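Spelled out, the chains give:
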Protein chains: 2
Amino acid sequence: MDTPRPDSPRAVADAFWRTANARDWAAFQALLHPDMVYDVPQTRERVRGAADFTEFYRTWPGPWRVEVRQCIADDERAVTVLDFITDTQTMPSLAVLTVRDGRVVHIDDWWPEPYEPPPGVTPVVQRY
Amino acid sequence: MDTPRPDSPRAVADAFWRTANARDWAAFQALLHPDMVYDVPQTRERVRGAADFTEFYRTWPGPWRVEVRQCIADDERAVTVLDFITDTQTMPSLAVLTVRDGRVVHIDDWWPEPYEPPPGVTPVVQRY
């Protein structure tokens, strides 16, 4: 794949996680539109604005880092499929970043947790 | 956005949900590589092969349909953010379809459920 333009959703998503892992909060905030909105659809939590959102990440308790497993991106959005890694656990997350003019304007952050599968409806389902 | 090529991940993902909603299982299965693999990472459920996977969808109990809310796609993958709608509930799902030569070779299917948010760590988090 070609190197993405620096203002592309793919490049912005890459810089987003790189600066977050590096705790470079000035560079992190510079990637965000001042009026951006961060949503967690599962809890209906919302953080408004680049300053508050940066504070939200900056003050998250305990050590954490992100490993991006997949990044799928087009001209409007990037989806990062990642592991959020703390001292005690690794949680998968999918973040949908909407990018306009090289800055993040919206994030939907999804946290799918493990669960027991429903009773088998067909014999074709295996476990791995 | 330009009309995608018919073998692009975006077009294949669109046809995947369109044929599933239409219960056109012959057309649905034709979109799948014979050796495709379907995974649910949260439960570690797996279905192998286009025939078994089509059977898995075809025999899913009760009426259901899918409404695609967002599709983010590049040259390798499409992510569909969707509502899975039954008689009794609407569940969000994110499906990551990997497409090669116009056919689905792998699916990661994510089912993020509602949960209570953790205790507030900063005052910047609102509810919507």
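The model shown is predicted, which means the values in this text are computed figures rather than measured ones. Within each chain, residues carry numbers counting from 1 in the order of the written sequence. Just so you know, chain letters begin at A and ligand numbers begin at 1, following the order they were written in. pLDDT decides what is reported in this predicted model: residues at 70 or higher carry local features, side-chain atom pairs at 80 or more are listed and counted, and totals for whole chains, interfaces and linings draw on all residues regardless. Excluded from the side-chain calculation are hydrogens and water; included are all heavy atoms of the structure.

Structural notes on the pairing of strand β2 (residues 45-48) of chain B
Logical step 1: As paired elements, strand β7 (residues 126-127) of chain A and β2(B) share two bridges and run antiparallel to each other. Its bridge partner lying in β2(B), A:Q126 is registered against B:R46.
Logical step 2: Pairing between two strands is assigned when DSSP locates at least 2 bridges connecting them. Helix numbering and strand numbering both begin at the N terminus, where a helix is a DSSP run of H or I of at least 4 residues and a strand a DSSP run of E of at least 2. Where strand β1 (residues 32-40) of chain B meets β2(B), four bridges bridge the pair, whose relative direction is antiparallel. Bridge pairing links B:Y38 to B:V47 in β2(B).
Logical step 3: The antiparallel pairing of β1(B) with β2(B) creates a hairpin that spans four residues between the two strands, and B:R44 there sits at a positive phi of about 60°.

A look at the pattern of salt bridges
Logical step 1: Basic side-chain nitrogens of Lys or Arg form a salt bridge, by our definition, when they fall within 4 Å of a carboxyl oxygen of Asp or Glu. Taken as a whole and judged by the stated rule, the model has 16 salt bridges over all chains.
Logical step 2: A salt bridge links A:R69 to A:D83, with the nearest nitrogen and oxygen atoms 2.7 Å apart. Placement of A:R69 in strand β3 (residues 64-73) and of A:D83 in strand β4 (residues 77-86) is noted, with a sequence separation of 14 residues between them.
Logical step 3: Linking B:R58 and B:E55 is a salt bridge whose minimum nitrogen-to-oxygen distance equals 2.9 Å. Here the residue B:R58 and the residue B:E55 both occupy positions in helix α3 (residues 50-58), the gap between them amounting to three residues, near one helical turn.
Logical step 4: Burial classification: accessible surface area is computed with a 1.4 Å probe over protein chains only, and a residue below 20% of its type maximum counts as buried, one above 50% as exposed, and the rest as partly exposed. When its relative accessible area of 45% is taken as the criterion, B:R58 is described as partly exposed.
Logical step 5: Shared partners join several salt bridges into a network, and the residues in it are A:R65, A:E67, A:R69 and A:D83.

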